[in-house]
Amino acid sequence: MPEPHTADVRPVRAEPYEFPLLPATTALVIIDMQRDFLEPGGFGDALGNDVSLLRAAIAPTAAVLEAARRAGMTVVHTREGHRSDLSDLAPAKHRRGNFATKIGDAGPMGRILVRGEAGHGIIPELAPVAGEPVIDKPGKGAFFATDLEAILRGRGIDRLIVCGVTTEVCVHTTVREANDRGFDCLVLADCTASYFPEFHAAALAMIRAQGGIFGWVAPSSALLAGLGDG
Ligand code: TIU
């Protein structure tokens, strides 16, 4: 692909330095903003977490989603979950934690982390619209056992804006996978969240440390300003 014309690049104030946003080759990737992680009675709850801690990421992510759509950027949503027969659920993932309620068990939002169940759905505030790929992933990383990379390469995407939950689990795993595949990742600090605020802070610090070893970190306000929406 030819180098982008520098006039098309919208610099975003980020750490450790400016992120060169180019809307035509950038995808907004929203990780696992599902009821199973954000609402009581889902998978996050079954793991013993206070799910209310994730809700702060909803409003800023909704604003970024709207701006990305307006800018004509590719938008991709991911959902963590499994086939109803659990044939794509690794036994190690199934037994991990020894919790009373496990993946596939019945809960108030249907079977936990199973595709097609209410809890597996993306929260209504961030619902995908027609034309936006939704990637169903059985693991923590969005590239593992999915067609995400093929979809991004097919659209000429080489940089990602990453939002979603949780910062140190599915967001981090995805950013690490993307980084090794040659994608530049900008993680939006207020559009990501964790059940553990200290892990959220540490996860973001790990991304931007060492000259941006895994990528860049910025507040959503910086992205909106870069897109002319701020
Ligand atoms: N438990 C936890 O923090 N996260 C997950 O299990 N999945 C995602 O991060 N999406």
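Look up: the structure comes first, before these words.
Residues numbered from 1 in each chain as written. Predicted model: local features only at pLDDT ≥ 70, side-chain atom pairs only at ≥ 80, totals over all residues. Heavy atoms only, no water.

K.L.:
Would you explain the pattern of salt bridges in this entry?
P.N.:
Side-chain pairs of opposite charge can arise whenever the charged atoms involved come near each other. Scanning the model with the defined rule gives 13 salt bridges in all. Between Glu125 and Arg55 there is a salt bridge, and its shortest N-O distance comes to 3.6 Å. Residue Glu125 is located in the loop between strand S6 (110-111) and strand S7 (134-137), and its partner Arg55 is located in the loop between helix H2 (43-46) and helix H3 (58-70); the two are separated by 70 residues in the primary sequence. What makes Glu125 partly exposed here is its relative accessible area of 41%. The salt bridge partner of Arg181 is Glu149, with a shortest N-O separation of 3.0 Å. You can see Arg181 sitting in the loop between helix H6 (167-180) and strand S9 (184-193) and its partner Glu149 sitting in helix H5 (residues 148-154), a full 32 residues away along the chain. On the accessibility criterion, Arg181 (32% relative accessible area) is partly exposed. (Salt bridge = Lys/Arg side-chain N within 4 Å of Asp/Glu carboxyl O. Helix = DSSP H or I, 4+ residues; strand = E, 2+ residues; numbered from the N terminus. Buried < 20%, exposed > 50% of the residue type's maximum accessible area, 1.4 Å probe, protein only.)

K.L.:
Would you explain the sheet that holds S7 in this entry?
P.N.:
Sheet strands pair by backbone hydrogen bonding; their relative direction is either parallel or antiparallel. Strand order in the open sheet formed by 6 strands is S7-S4-S3-S8-S9-S10, and the pairing between neighbours is parallel. At either end of the open sheet lies a strand with only one pairing partner, and these are S7 and strand S10 (216-218). Each adjacent strand pair in this sheet contributes to an overall mean axis angle of 25°, direction not counted. Direction of pairing for strand S3 (residues 26-31) relative to strand S4 (residues 74-80): parallel, over a ladder of 5 bridges. Looking at S4, one finds that Ile30 is bridged to His77. Contacts from H6 reach S3, S4, S7, strand S8 (159-165) and S9, with the element oriented near 165° to S8. (Pairing = 2+ DSSP bridges. Axes fitted to C-alpha atoms, helices over the stretch in contact; angles between N-to-C directions. Contact = heavy atoms within 4.5 Å.)

K.L.:
What is the right way to read the packing of H6 against helix H7 (residues 197-212) from this model?
P.N.:
For any two helices packed against each other, one specifies the inter-axial angle together with the distance between the axes. Look at H6 against H7: their axes get within 10 Å of each other, and the N-to-C directions meet at 15°. Taken together, the axis directions place H6 and H7 in an arrangement best described as roughly parallel. The element H6 and its partner H7 pack so that their crossing is right-handed. Across from Thr167, Glu168, His172 and Arg176 in H6, the residues of H7 making contact are Phe199, His200, Ala203, Leu204, Met206 and Ile207. For the contact of H6 with H7, the per-class residue count stands at 5 nonpolar, 3 polar and 2 charged. (Parallel < 35°, antiparallel > 145°, perpendicular 65-115°, else oblique. Left-handed = near helix turned anticlockwise from the far one by under 90°. Nonpolar A, V, L, I, M, F, W, Y, C, P; charged D, E, K, R; others polar.)

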